[in-house]
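Residue-level structure breakdown
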Amino acid sequence: MKLKLAIGIGALMASNTAPAAALSDAIRADMPQLMTLYRDLHANPELSMQEVRTPAKLASEMRKLGFDVTEHVGKTGVVAVMKNGPGPVLLIRADMDALPVKEQTGLPFASKVVGKTLDGVESPVMHACGHDTHITTWLGTARRLATTRDQWSGTLVMILQPGEELGLGAKAMLDDGLYTRFPKPDVLLAFHDSASLPAGAIGVTRGYALANVDSVDIDVKGVGGHGAYPQTTRDPIVLASRIVVALQTLVSRENSPFDPAVVTVGSFQGGTKHNIIPDDVKLQLTVRSYTPEVRKKLLDGIARVTRGEAIAAGIPEDRMPVVKVREPYTPSTYNTDKLSARLLELFGSHFGSDRVVEAKAVMGGEDFSQYWLADKTKEATIFWVGGVPKAKWEAAGGDETKLPSLHSPFWAPEAETVISTATEAMTIAALDVLKKS
Ligand SMILES: [Zn+2]
Ligand SMILES: [Zn+2]
């Protein structure tokens, strides 16, 4: 009986079940402290490129864990480095900005913060994209890796990035010497909470994961005048309407059905009064694609259709529409083949295949793409961790259109599950990349 038990334990120790259980237990023990941090971050969100309190707080926590910490990288970013012997350099990124959204979750720690966007617009502020779960997971992972230094070898570069929602922060950190002042990473990892997966599920997309995002402004000019005398005008409202309709054919008629693309006119502004034909209308578009070829086709098409419709409407040459593609755009995010396949396998064997899915790509954008685009010889993956409370997921029958999306004032992920799952996933991914040879 005694012998049998000894063999049983020996067998258990030999598999990875014992370390896996030890990791889960350690994270469970960390959770009360991590949840206190999460609730504090959620109640105190900061707008893009204006993060001050968050990086200061986290920098101090990372110093306590023994990281070598540099603040104000790319304006408000934090770089925390831990050198732990020979081996690869692993970068783990969390984004830390919130959104100009008025929180309506009803949570006891809901944000009441009001801020001013970089454009000077005053707005309530909310962590409506779940970046507070990312920051908390980042610290949870740092804590696990700092306390298990005997189990890995290599260099850890943990970065807290500002301004993801504006697509500015990753570029700002790279431009500020992320790859020259600090150890240059071989492998790049990040995660995002998901409103399209039940809490605790993990999704890994292989290849293109998120889209190129372009914001386009079109100033449709006309010749204004009295609404009762249209013959004396060139009506920009009718012209802009035609442009909006004609733009619909870029995706439906000019693009291959096998190449994902989106052209959305999200804003149409013009006119002041019933009986005045205005002299201009302003359109705002979001344009999405994966490949550089499709991106070019869409942007060229927008310029061509807009000009063509203006010519058809008899607009004089000096009043042609002005199309402006805003800089910088957010490039598409590519999960490299080797790393994304490895993570699917690793997460599947650790969490069980019922919790891990190969996720479809989405047309949202992420400036995590910039880190890999700065050196495409490296391996990179951003994965998803589901945040929809199980009861809500089941009530909606898994139909995400019946659930609040990311950026919704009602988005309240099941934070405890997101953070514990993501911390465990990120830690085992890091231990795999930095395993002792
Ligand atoms: Zn977002
Ligand atoms: Zn986000």
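First things first, this report covers the structure right here in the doc. All figures in this text were calculated on a predicted structure; none of them were measured in a lab.

Brief notes about the coordination of the zinc ion (ligand 2)
Reference values for angles at a metal are 109.5 degrees in the four-donor tetrahedral case and 90 or 180 degrees in the six-donor octahedral case. Around the zinc ion (ligand 2), the protein contributes the donor atoms Cys129 (SG), His131 (NE2) and His192 (NE2), which lie 2.1 to 2.4 Å from the metal centre. Here the donor residues of the zinc ion (ligand 2) are spaced in sequence according to C-x1-H-x60-H. The distance between the zinc ion (ligand 2) and the zinc ion (ligand 1) comes to 3.1 Å, and Cys129 binds to both of them. Of this pair, Cys129 sits in the loop between strand 5 (122-124) and helix 4 (131-147) while His192 sits in strand 7 (residues 187-198), and the two are 63 residues apart along the sequence. Assigned by exposure class, Cys129 and His192 land together as buried.

Quick look at the packing of helix 4 against helix 11 (residues 415-433)
Each pair of packed helices can be described by the angle between their axes along with the distance between the axes. The geometry of helix 4 relative to helix 11 is characterised by a closest axis approach of 8 Å and an angle of 45° between their N-to-C directions. With respect to their mutual orientation, helix 4 and helix 11 come out oblique. Helix 4 and helix 11 meet at a crossing whose hand is right-handed. Contacts from Thr133, Thr136, Thr137, Gly140, Thr141, Arg144 and Leu145 in helix 4 reach Ala415, Val418, Ile419, Ala422, Thr423, Met426, Thr427, Ala430 and Leu431 in helix 11. Split into classes, the residues belonging to the contact of helix 4 with helix 11 amount to eight nonpolar, seven polar and one charged.

Points about empty space enclosed by the protein
In total, this model carries four cavities of 30 Å³ or more according to the counting rule given. The volume enclosed by the largest cavity comes to roughly 60 Å³. Taken together, Val388, Pro389, Lys392, Leu403, Pro404, Phe410, Trp411 and Ala412 make up the full set of residues lining the largest cavity. Size it by volume and the second largest cavity reaches roughly 40 Å³. Lining the second largest cavity are Ile92, Arg93, Ala94, His134, Thr137, Trp138, Thr141, Phe191 and Met426. The leading source of residues in the lining of the second largest cavity is helix 4, at four residues. For the lining of the second largest cavity, the residue count by class is five nonpolar, three polar and one charged.

Some details on the layout of surface pockets
Of the volumes computed, that of the second largest pocket is approximately 490 Å³. The wall of the second largest pocket is formed by 17 residues, among which Pro19, Ala20, Gln151, Ile428 and Leu431 lie closest to the centre. The leading source of residues in the lining of the second largest pocket is helix 2 (residues 17-43), at five residues. When its residues are assigned to classes, the lining of the second largest pocket shows eight nonpolar, six polar and three charged.

Details of helix 6 (residues 236-254)
Taking 1.5 Å per residue as the helical rise, helix 6 with its 19 residues ought to reach 27 Å, and the 25 Å between its terminal C-alpha atoms agrees with that figure. Those residues of helix 6 that sit buried are Pro236, Leu239, Ala240, Ile243, Val244, Ala246, Leu247 and Leu250. Here the buried face of helix 6 lies against strand 10 (212-221), strand 12 (261-270), strand 13 (276-277), strand 14 (280-289) and helix 7 (292-312). Where helix 6 begins, the capping side chain belongs to Asp235, and its oxygen is found 2.8 Å from the backbone nitrogen of Ile237.

What to know about the coordination of the zinc ion (ligand 1)
Coordination of the zinc ion (ligand 1) by the protein comes from Cys129 (SG), Glu165 (OE), Glu165 (OE) and His407 (NE2), over a distance range of 2.0 to 2.6 Å. Between the four donor atoms coordinating the zinc ion (ligand 1), the angles at the centre fall across 53 to 151°, so the site counts as irregular. Mapping the donors of the zinc ion (ligand 1) onto the primary sequence yields the spacing C-x35-E-x241-H.

Remarks on the sheet that holds strand 3 (residues 89-95)
In spatial order, the strands read 1-2-6-3-7-18-8-17; together these eight strands make up an open sheet with mixed pairing. In this open sheet, the two strands that pair with only one neighbour each are strand 1 (68-73) and strand 17 (356-358). Direction aside, the axes of adjacent strands within the sheet are offset by 25° on average. Direction of pairing for strand 3 relative to strand 6 (residues 154-161): parallel, over a ladder of seven bridges.

Let's talk about the sheet that holds strand 10
With antiparallel pairing, four strands are arranged side by side in an open sheet as 12-14-10-15. On the outer flanks of this sheet lie strand 12 and strand 15 (322-325), each paired with one strand and no other. The average undirected angle you get between the axes of adjacent strands in this sheet is 20°. Judged from the four bridges that link them, strand 10 and strand 15 form a sheet pairing that is antiparallel. When the sheet's bridge partners are listed, Asp217 is paired in strand 15 with Lys324. The strands that helix 6 touches are strand 10, strand 12 and strand 14; relative to strand 12, the one it contacts most, it runs at about 170°.

Rules and cut-offs
- Residues numbered from 1 in each chain as written.
- Chains lettered and ligands numbered in written order.
- Predicted model: local features only at pLDDT ≥ 70, side-chain atom pairs only at ≥ 80, totals over all residues.
- Heavy atoms only, no water.
- Donors = N, O, S within 2.8 Å, 3.2 Å for Na, K, Ca; no water.
- Helix = DSSP H or I, 4+ residues; strand = E, 2+ residues; numbered from the N terminus.
- Buried < 20%, exposed > 50% of the residue type's maximum accessible area, 1.4 Å probe, protein only.
- Axes fitted to C-alpha atoms, helices over the stretch in contact; angles between N-to-C directions.
- Parallel < 35°, antiparallel > 145°, perpendicular 65-115°, else oblique.
- Left-handed = near helix turned anticlockwise from the far one by under 90°.
- Contact = heavy atoms within 4.5 Å.
- Nonpolar A, V, L, I, M, F, W, Y, C, P; charged D, E, K, R; others polar.
- 1 Å grid on protein atoms, 1.4 Å probe; cavity = no way out; pocket = protein on both sides within 12 Å on 5 of 7 lines; lining within 4 Å.
- Points joined across faces, edges and corners; volume = space filled by probe spheres on them.
- Expected span 1.5 Å × (residues − 1).
- Polar contact = N/O pair within 3.5 Å; in protein donor to acceptor, adjacent residues only side chain to side chain.
- Tetrahedral: all angles 85-135°; square planar, octahedral: opposite > 155°, others 65-115°.
- Pairing = 2+ DSSP bridges.

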